[in-house]
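Chain by chain, the residues:
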Amino acid sequence: SMKRKFFVGGNWKCNGSMHSIKELCEALNAGERLESSAVEVMVAPPALYASYARSLLRDDFAVGLQNCWIGKPGAFTGEIAADMIRDAGFPYVILGHSERRHIPELRENDQTVARKTRYAIEQGLAVVLCIGELLEERQAGKTREVNERQLNAVKEVLSDEDWRRVVIAYEPVWAIGTGQVATVEQAEQAHAEIRSWLEKQVGSTAAAETRILYGGSVTADNCDELAKQPDVDGFLVGGASLKPAFLDIVRSHK
Ligand code: PEP
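Right, let's walk through the structure included here. (Residues numbered from 1 in each chain as written. Predicted model: local features only at pLDDT ≥ 70, side-chain atom pairs only at ≥ 80, totals over all residues.)

## A closer look at the overall build of the protein chain
To be explicit about the condition: The secondary structure listing takes helices from DSSP runs of H or I that are at least 4 residues long and strands from runs of E that are at least 2 residues long, numbered from the N terminus. The reference for a compact globule is 2.2 Å times residues^0.38; the radius of gyration itself is calculated from the C-alpha atoms. Remark: C-beta atoms are placed from the backbone, and a residue is labelled buried if 20 or more other C-beta atoms sit within 10 Å of its own, exposed if 12 or fewer do, or partly exposed between those counts. For every residue pair, C-beta atoms are placed from the backbone, and the pair is scored as a contact if these atoms sit within 7 Å.
A count of helical and extended segments in the protein chain gives 11 helices and 8 strands. Taking 18 Å as the expected radius of gyration for a compact globule of 254 residues, we find that the protein chain reaches 17 Å, a close match to that expectation. Seen along its three principal axes, the alpha-carbon backbone of the protein chain occupies a region of about 45 × 45 × 35 Å. In the protein chain, which comprises 254 residues, the proportion classed as buried is 42%. The long-range share in the protein chain, meaning contacts at least 24 apart out of those at least 6 apart in sequence, stands at 72%.

Below is the structure:
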């Protein structure tokens, strides 16, 4: 079977300053070089600081953005187009993060996330596509249904080939920033369900090759057990990506 390269993403969200980002990049650079055959690591700073972080970090760290505009550049004040992310040399964009889906002032729906994903891939970016259920949806037994609804919207607009540019991040909303990490059983079950959706809806190559990351209160203390699960191919990390201990999470692939 195809071995999926472990992927660890750090989502810095709307955090940091020139000072703190310099310190964090220096701390990350102080770790051992990342074996490119074993693990892929991306950090996503606030857009304003992305070039600064890129200039500071070793080249074995990838830098990505946290969001982009839905389509072509133009009269969209305050937005950043995928074309620009690519042109400026950033290979990744995170799309569909739960904060963008659920914060009332943002409220991106499944179709918005799908159109962004399609356009970003057309521009040559790779996409970390976030999906996941709310607490009330889990409690109502709807986890699988919600994940599949969010994935189906993206499937509508992508070719089977396009999935090679997608990394899926399963991020149960109740686990994000709450300190309440999913159990290994909860994570593995959702990941296996997502992989079986890929098998049925996209194909066996996509099922075998697509990385499915877990995100939600991952720390250096809980990552090793999760990393051992057969369908957990890495992590998307929020809070713990702002500290040097992010490197311990990167090392969990071993
Ligand atoms: C995230 O926002 O993608 C995330 C997983 O956050 P945290 O690790 O802080 O729960």
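## Examining the nonpolar core
The criterion, for reference: Among buried residues, those of type Ala, Val, Leu, Ile, Met, Phe, Trp, Tyr and Cys that are joined through C-beta atoms within 7 Å form a set called a nonpolar core.
Ranked by internal contacts, the top residues of the largest apolar core, which has 74 residues, are Val93, Leu129, Ile168 and Leu213. When neighbours within four sequence positions are excluded, Leu213 is seen to be in contact with Phe7, Gly9, Val167, Ile168, Ala169, Tyr170, Asp233, Gly234, Phe235 and Leu236.

## Notes on the packing of helix 5 (residues 110–122) against helix 7 (residues 143–155)
To keep it simple, the criterion reads: Every axis in this analysis is a line fitted to C-alpha atoms, fitted for helices over the stretch in contact. Angles between the N-to-C directions lie between 0 and 180 degrees. Angles are sorted into four bins: roughly parallel if under 35 degrees, roughly antiparallel if over 145, roughly perpendicular if 65 to 115, and oblique for all others. Each crossing is labelled by how the near helix is turned from the far one, with a counterclockwise turn of less than a right angle marking it left-handed and a clockwise turn marking it right-handed. We call Asp, Glu, Lys and Arg charged. Ala, Val, Leu, Ile, Met, Phe, Trp, Tyr, Cys and Pro are nonpolar, and the rest, Gly among them, are polar.
At a minimum axis distance of 8 Å, the contact between helix 5 and helix 7 shows a crossing angle of 45 degrees. It follows that helix 5 is oblique to helix 7 by the angle criterion. Classified by chirality, the crossing of helix 7 by helix 5 is right-handed. Seen from helix 5, the contacting residues are Asp110, Gln111, Val113, Ala114 and Thr117; seen from helix 7, they are Arg149, Gln150, Ala153 and Val154. Of the residues in the contact of helix 5 with helix 7, the class split is 4 nonpolar, 3 polar and 2 charged.

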